[in-house]
Amino acid sequence: MTTAKTDEVVKEQPAPATPSDQRERDRMRRRLARRRGGGWWPYAFLAPWFIGLFGLTIYPMLDSLYLSFTDFDLLTPAQWVGMDNYNKMFTDDPVFWDSVHATLLYVVVSVPLKLALALGVAMLLNRDLKGIGLYRAAFYLPSLLGGAVAIAIVWRQVFGGDGLFNDFLAWFGIKGQDWISSPDTALYTLILLAVWQFGTPMVIFLAGLKQLPKDVYEAAAIDGATPITRFFKITLPLLTPIVFFNVVLQIIDAFKTFTPAFVISNGSGGPLNSTMLYSLYLYKKGFTDLQMGYASALAWVLFLVIAGFTAVNFIASRYWVHYDD
Amino acid sequence: MSAITSAHDPKSPLQKLRSATGSRRIFIHTVLIGVAIVMLYPLLWMLSSSFKPDTHIFTQPGLIPSSVRPENYSEGWSGSGNSFSLYITNSLIVTIGAVIGNVISCSLAAYAFARFEFRGKKIWFGLMLGTLMLPTQAVLIPQYTIFYNLTWINTYLPLIVPKFLAVDAFFIFLMVQFIRSIPRELDHAAMMDGANPFEIYWKIILPLMKPALITTTIFTFIWTYDDFLHQLVYLQQNDKFTVPLGLTLFMDQTSGSSYGAMFAMSTLALLPTLICFLIFQKRLVEGLATSGMKG
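Criteria and cut-off values
- Residues numbered from 1 in each chain as written.
- Chains lettered and ligands numbered in written order.
- Predicted model: local features only at pLDDT ≥ 70, side-chain atom pairs only at ≥ 80, totals over all residues.
- Heavy atoms only, no water.
- Helix = DSSP H or I, 4+ residues; strand = E, 2+ residues; numbered from the N terminus.
- Rg over C-alpha atoms; globule rule 2.2 N^0.38 Å.
- Buried < 20%, exposed > 50% of the residue type's maximum accessible area, 1.4 Å probe, protein only.
- Contact = heavy atoms within 4.5 Å.
- Areas by Shrake-Rupley, 256 points an atom, 1.4 Å probe, with all protein chains shown as cover.
- Lys, Arg positive; Asp, Glu negative; His and termini not counted.
- Charge placed at Lys NZ, Arg CZ, Asp CG, Glu CD.
- Patch = residues over 30% accessible without salt bridge, like charges linked within 9 Å, V, L, I, M, F, W, Y side chains within 5 Å.
- Salt bridge = Lys/Arg side-chain N within 4 Å of Asp/Glu carboxyl O.
- Phe/Tyr/Trp six-rings, centres within 6.5 Å; stacked < 30°, edge-to-face > 60°.
- Lys NZ or Arg CZ within 6 Å of the ring centre and 35° of its normal.
- Axes fitted to C-alpha atoms, helices over the stretch in contact; angles between N-to-C directions.
- Parallel < 35°, antiparallel > 145°, perpendicular 65-115°, else oblique.
- Left-handed = near helix turned anticlockwise from the far one by under 90°.
- Buried area = accessible area lost by both parts, 1.4 Å probe.
- UniProt positions renumbered as here; feature names shortened; annotations may be inferred.

1. Looking at the overall build of chain A
- Helix and strand counts for chain A come out as 15 helices and 2 strands.
- Against the 2.2 N^0.38 benchmark of 20 Å for 325 residues, chain A shows a C-alpha radius of gyration of 28 Å, more extended than a compact globule.
- For the C-alpha atoms alone, the extent of chain A along its principal axes is close to 90 × 70 × 35 Å.
- In chain A, buried positions account for 50% of the 325 residues.
- Pairs at least 24 residues apart make up 67% of the contacts formed inside chain A by residues separated by at least 6 positions.
- Only carbon and sulfur atoms are counted for the fraction: they give 64% of the accessible area of chain A, which is about 16000 Å².
- Side chains of chain A give 26 positive and 25 negative charges; the mean places of these two sets differ by 11 Å.

What follows is the structure, given as C-alpha cells:
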C-alpha cells in the first residue's frame, strides 16, 4: 500500500529527482525498512513480556505438569508417583466429582441466562431514550463490583433465612427458606449472583448493536417484517460474532469463579459440597491440605477442559458465526 | 398512494421504527426502571443495613432505617484485630504498584507489537492472545512455589512484580488496538528529526495513548483491589492483609453478633470502586465496549 502511494507521488511530480534528492530518499527508505524490521529494538520493548511469558506462564505450566505426577507438600522434595494423582481423581475422589458436577451446572445454567438477559436489555437500550446513560450505568455497576468480597457477603445475607429475598417472597405469600444452607439451592444463589452481573456482555452487545447497518432494517421495515422476524433474520445473524465473543469469554470466566463460592460457603464449599466450584476445590487441595501435586493435576485438568470448551466453541462457530467479508 | 404519504411524512421507515409511540416508550421505561431497581436494590439494602442497629437489619427490611446507628462505622473501623485503615493502606500499596507495573510493561509490549515487524511476530502475538484464555488457577501452584523459593510469601512482591512483566495480556491487546489507530506518519516525522524508537514511544506514542492508559489504570486498580484469590494465597499475617482479606476475617470473628458493623465495612470496601465508577463511568463502559468489539 505504501509503495502504491509513493508511486502516485512520483507520477504527480514529473520533474526528475536530482541525484542528492534521490540519495536522500533512498536513505530514508532504507531507514524505514530497517525500522520496520527494527533490529533488536522490538525485543528490547518486549523484554519484560518475554520474562513474564517464560518465567510466569510457560515454565509454570511445564512445572505444573511435572508436579501433577508427584506427591508434593511444598516443604519436602516432590516424590514421583506417576499417574496416581489422576487415577485417584477419577476413580477415588467423590469430592472431585462433586466439584465437577457443581461447576458444570454453574456454567451451563448461568452463562446462557446471563447472555440472554444481556442481549435482551441491550436491545431495549439500543434506541434514543431519555436517561439511557443512567440505565447503562445502573446495569453495569453490579458487574464492575463483580469479584468483590463485599458483594459476596451481601449476597450471603440476602439469601439467608431471614434475608431480603425471603422478605420479597413473603409479599407473594411464599414462605422462604435458608437458601444458602440448603444443598439443593445454595448453588443457585451463586448462579443468580452471576446472572445479576450481566453488565459486561450487555455493554459489548450494545456496542455491536450500534454497528448494525441501518439500511437493512429500513428495507425490512418497508417489506413489513415484524419485530420478531427482524430479530431472528437480521439482528441475530449479524450479531453472531459478538455473541460468539461473549460466549467464549463468559464460559472461561464461569469456570474460574472463586470468590463468591469461597465467601458464601465460608471457605467450605458446603453444604454437602454443593458450592464446591472447581477453583475452590483446587485452592483447598493446594493451600489448605498442602497436596500441591494433586492440586497441580486438578489445575491441568481444568486447563484442558477450558481449552477443550474453547476449541469446541471455535470449531462450532464455523457453522453459526457469520463474518461479513 | 404510498409515494404521497411518504412525501407528507418526513420520517423514514426506520425512524418510524425507532421513535416508538408514547405508550411503547412508557412500557420500555417501565421495564428498564424495574430492572434497574432489581440491579441496585441489594446495594442499597447493604447501605441502609450499614446504618441500622443489628436487631433491625433482618426484622425491618425497608430501606429507610427507623433509627440510625453510625457507630457501626466506628466500631467496624477499629474492629477486627487491626484497624481497617491498615487494610486500606495495604490495598493501596498493592494496587498502586500493580497499576504502575501494568501501564509501563503493557505499553512497551504493545508498542513493539503494533509498530515493528520482527521474526516470529505472529507466533508471539498468538501466544500473547492465548495467555488471555489461560485460567490463573492453571499456573497458581507453580507460581506459588517460585515465590516461595524466593521467600516472597507474605510480602506484596508476588502481587506487584508480575504486573511489571506484562502478565495481563488483556491490556497489551487493548493498547495494540489503540496504537494501530495512531497514524504512522507521526512516527516517521519524528524519525526524520532523528528520534530513536524509544524516543518515539516516549514522546509521541505514550502521550497520544492517554485514553488507553487511563482505561488500563482504572481496570487494573479495580481488578487488583478486588483480586481475592491471589491475596488470600500470598498474604498470611494479619498485618499484611488487604481490604478483601480484612473483610473475611471480620466476617468470621463477628459471625452473627455484629451485622451492622460488617455491612458498614462492606460498604466502605466498595467505595474506591464506586468512586472510580462515578468519575470514569463513560470511559469504563466505552473502553470495555470498544476493546470487546475488536476481539
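2. Some remarks on the overall build of chain B
- When helices and strands are tallied, chain B shows 16 helices and 0 strands.
- The 295 residues of chain B split such that 51% are buried.
- For chain B, contacts bridging at least 24 residues in sequence account for 71% of all contacts bridging at least 6.
- Carbon and sulfur atoms provide 67% of the accessible area of chain B, an area that totals close to 13300 Å².

3. Quick look at a nonpolar patch on the surface
- Taken together, B:W77, B:I88, B:L92, B:I96, B:I100, B:I104 and B:F164 make up a surface patch of nonpolar side chains, about 570 Å² in accessible area.
- Looking at B:I96, the relative accessible area reads 46%, which means it is partly exposed.

4. A word on the packing of aromatic side chains
- One pass over the structure, following the stated rule, counts 61 aromatic pairs over all chains.
- An angle of 75° between the planes, with centres 5.4 Å apart, marks the rings of B:W45 and B:F263 as edge-to-face. Taken together, the residues B:W45 in helix α3 (residues 22-49) and B:F263 in helix α16 (residues 259-293) connect sequence positions 218 residues apart.
- Taking the relative accessible area as the measure of exposure, B:W45 reaches 1% and is therefore buried.
- Through a chain of ring-to-ring contacts, three or more aromatic side chains come together here, namely A:F258, A:F262, A:Y283, A:F287, B:Y144, B:F147, B:Y148, B:W152, B:F228 and B:Y234.
- Above the ring of A:Y294, the side-chain terminus of A:K88 is found at 4.5 Å from the ring centroid.

5. Let's talk about the packing of helix α10 (residues 169-180) of chain B against helix α13 (residues 210-226) of chain B
Residues and elements named next belong to chain B.
- At a closest axis distance of 10 Å, the pairing of α10 and α13 adopts a crossing angle of 165°. As the angle between them shows, α10 and α13 are arranged roughly antiparallel. Remark: the crossing between α10 and α13 carries right-handed chirality. Touching F170, F171, L174, M175 and F178 of α10 are P211, A212, L213, T215, T216, F219, T220 and W223, all from α13.

6. Some remarks on the interface of chain B and chain A
- The interface of chain B with chain A comprises 102 residues on the first partner and 102 residues on the second.
- Both sides of the chain B and chain A interface together cover about 9200 Å² of buried area, and 78% of this is carbon and sulfur.
- Together, B:M39, B:Q137 and B:I141 form the three largest contributors to the area buried by chain B at its contact with chain A, with a combined 8%.
- In this structure, the connection of chain B to chain A is made through 0 salt bridges.

7. Digging into the packing of helix α3 (residues 41-67) of chain A against helix α15 (residues 292-320) of chain A
Residue and element names in this part refer to chain A.
- Look at α3 against α15: their axes get within 7 Å of each other, and the N-to-C directions meet at 120°. Taken together, α3 and α15 sit at an angle that is classed as oblique. Here the hand of the crossing between α3 and α15 comes out left-handed. Residues M61, S64, L65 and L67 of α3 pack against G293, S296, A299, W300 and F303 of α15.

8. Quick word on the UniProt feature "transmembrane region" (unreviewed entry) in chain B
Residues and elements named next belong to chain B.
- Sites flagged by UniProt as "transmembrane region" (unreviewed entry) map to residues 26-47, 84-111, 123-144, 156-179, 200-225 and 259-280.
- Annotated as 100% helix and 0% strand, the span residues 84-111 places its first and last C-alpha atoms 40 Å apart.
- For residues 156-179, helix accounts for 62% and strand for 0%, while the C-alpha atoms at its two ends are 32 Å apart.

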